[in-house]
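One-letter residues, chain by chain:
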Amino acid sequence: MLYLYLDMIVGLSNTAACAVLCVELQMPSNEPYLSTSLQDLWGRRWNLTVTNALWHTVYKPLKSFLEPRLRATWGAAGAVMAAFLVSRLMHELLYYYVTSARATWEVTGFFVLQGVCVVVEVAAKAAVGERWRLSRAVSMPLTRAIKECKAFVEGLRPKF
């Protein structure tokens, strides 16, 4: 529901901005329901504005600092975990300012789990490499079905 509301609000705002200012706003997400993995969801599809900000302010600087001191995989893993923790702190701060409630830190587990899962996924992909892939007989029809579903969803969106 959150994605739907955000998509509708930004879509309407984008339409107004295009009509009044002749500019197009960046969409906050890129069809997160089509994510193929956690790395794809958090890195390329969900909340792109925050993802981009965390990439440039947390992940890249920390990775470049850690990699010469640790192995490259540990530097990248530490940078991923730091980005998830900073995101968690930002969520906690936003929640505090909206509700004036003290932090319970219950959601921290969610962000830590997501970070650990992304690190494990990246490590698994690196270990397996190109050896494991879906056969063309499976991937081509699956890609076609996804494109058809996407076209169907696009047809349902209101046109302004």
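About the thresholds
- Residues numbered from 1 in each chain as written.
- Predicted model: local features only at pLDDT ≥ 70, side-chain atom pairs only at ≥ 80, totals over all residues.
- Heavy atoms only, no water.
- Helix = DSSP H or I, 4+ residues; strand = E, 2+ residues; numbered from the N terminus.
- Expected span 1.5 Å × (residues − 1).
- Buried < 20%, exposed > 50% of the residue type's maximum accessible area, 1.4 Å probe, protein only.
- Arc of directions from axis to C-beta.
- Contact = heavy atoms within 4.5 Å.
- 1 Å grid on protein atoms, 1.4 Å probe; cavity = no way out; pocket = protein on both sides within 12 Å on 5 of 7 lines; lining within 4 Å.
- Points joined across faces, edges and corners; volume = space filled by probe spheres on them.
- Nonpolar A, V, L, I, M, F, W, Y, C, P; charged D, E, K, R; others polar.
- UniProt positions renumbered as here; feature names shortened; annotations may be inferred.
- Salt bridge = Lys/Arg side-chain N within 4 Å of Asp/Glu carboxyl O.
- pLDDT = per-residue confidence, 0-100.
- Patch = residues over 30% accessible without salt bridge, like charges linked within 9 Å, V, L, I, M, F, W, Y side chains within 5 Å.
- Areas by Shrake-Rupley, 256 points an atom, 1.4 Å probe, with all protein chains shown as cover.

**What about helix α5 (residues 108-128)?**
Phase 1 of the analysis: Along its 21 residues, α5 runs 30 Å from first to last C-alpha, staying within 8% of the 30 Å computed at 1.5 Å per residue.
Phase 2 of the analysis: Among the residues of α5, those classed as buried are T108, F111, Q114, G115, V118 and E121. An end-on view of α5 places all buried positions within 165 degrees of arc, on one side of the element. Opposite the buried face of α5, at more than 90 degrees from it, the exposed residues are V120 and A127.
Phase 3 of the analysis: At its buried positions, α5 is contacted by α2 (38-45) and α4 (72-99).
Phase 4 of the analysis: The first or second residue beyond α5 is G129, which carries a positive phi of 65 degrees.

**A closer look at the layout of surface pockets**
Phase 1 of the analysis: Looking at the largest pocket, its volume works out to about 1000 Å³.
Phase 2 of the analysis: Lining the largest pocket are 33 residues, with W42, G43, T51, A83 and F84 positioned closest to its centre.
Phase 3 of the analysis: Only α1 (2-21), α2, α3 (48-66), α4 and α5 provide two or more residues apiece to the lining of the largest pocket.
Phase 4 of the analysis: Counting residues per element, the lining of the largest pocket draws most heavily on α4, at 11 residues.
Phase 5 of the analysis: Its residues assigned to classes, the lining of the largest pocket comprises 24 nonpolar, 7 polar and 2 charged.

**A short note on the UniProt feature "domain: Wax synthase" (unreviewed entry) in the chain**
Phase 1 of the analysis: Within this numbering scheme, the UniProt entry marks residues 30-113 as carrying the feature "domain: Wax synthase" (unreviewed entry).
Phase 2 of the analysis: Structurally, residues 30-113 is divided into 73% helix and 0% strand, and its ends, taken at the C-alpha atoms, are 23 Å apart.

**A look at the pattern of salt bridges**
Pairing is possible between side chains of opposite charge, provided their charged atoms come close.
Phase 1 of the analysis: For the structure shown, the criterion picks out 5 salt bridges.
Phase 2 of the analysis: As a salt-bridge pair, R44 and D40 come within 3.5 Å of each other at their nearest N and O atoms. Linking R44 with D40, this pair stays in helix α2, spanning 4 residues, or about one helical turn.
Phase 3 of the analysis: The buried category is assigned to D40, whose relative accessible area is 9%.
Phase 4 of the analysis: The residue E121 makes a salt bridge to K125 at a minimum N-O spacing of 2.9 Å. Taken as a pair, E121 and K125 lie in helix α5 at a separation of 4 residues, close to a single helical turn.
Phase 5 of the analysis: Connected via shared salt-bridge partners are D40, R44 and R45.

**Looking at the confidence of the model for the chain**
Phase 1 of the analysis: Across the chain, the average pLDDT comes to 82, with 91% of residues at 70 or higher.
Phase 2 of the analysis: Of all secondary-structure elements in the chain, the lowest mean pLDDT belongs to helix α6 (residues 136-156), at 73, while α3 reaches the highest, 92.

**Thoughts on a nonpolar patch on the surface**
Phase 1 of the analysis: A cluster of nonpolar residues, L4, Y5, M8 and I9, forms a patch on the protein surface that exposes about 420 Å² of accessible area.
Phase 2 of the analysis: Note on placement: Y5 falls in helix α1.

**Description of α4**
Phase 1 of the analysis: The end-to-end C-alpha separation of α4 is 41 Å, in line with the 40 Å expected for 28 residues at 1.5 Å each.
Phase 2 of the analysis: Residues of α4 that are buried include every one of G75, A76, A77, A79, V80, A82, A83, F84, S87, R88 and E92, and no others.
Phase 3 of the analysis: Its buried side turned inward, α4 meets α2, α3 and α5.
Phase 4 of the analysis: Positioned one or two residues after α4, S100 has a phi angle of 60 degrees, which is positive.

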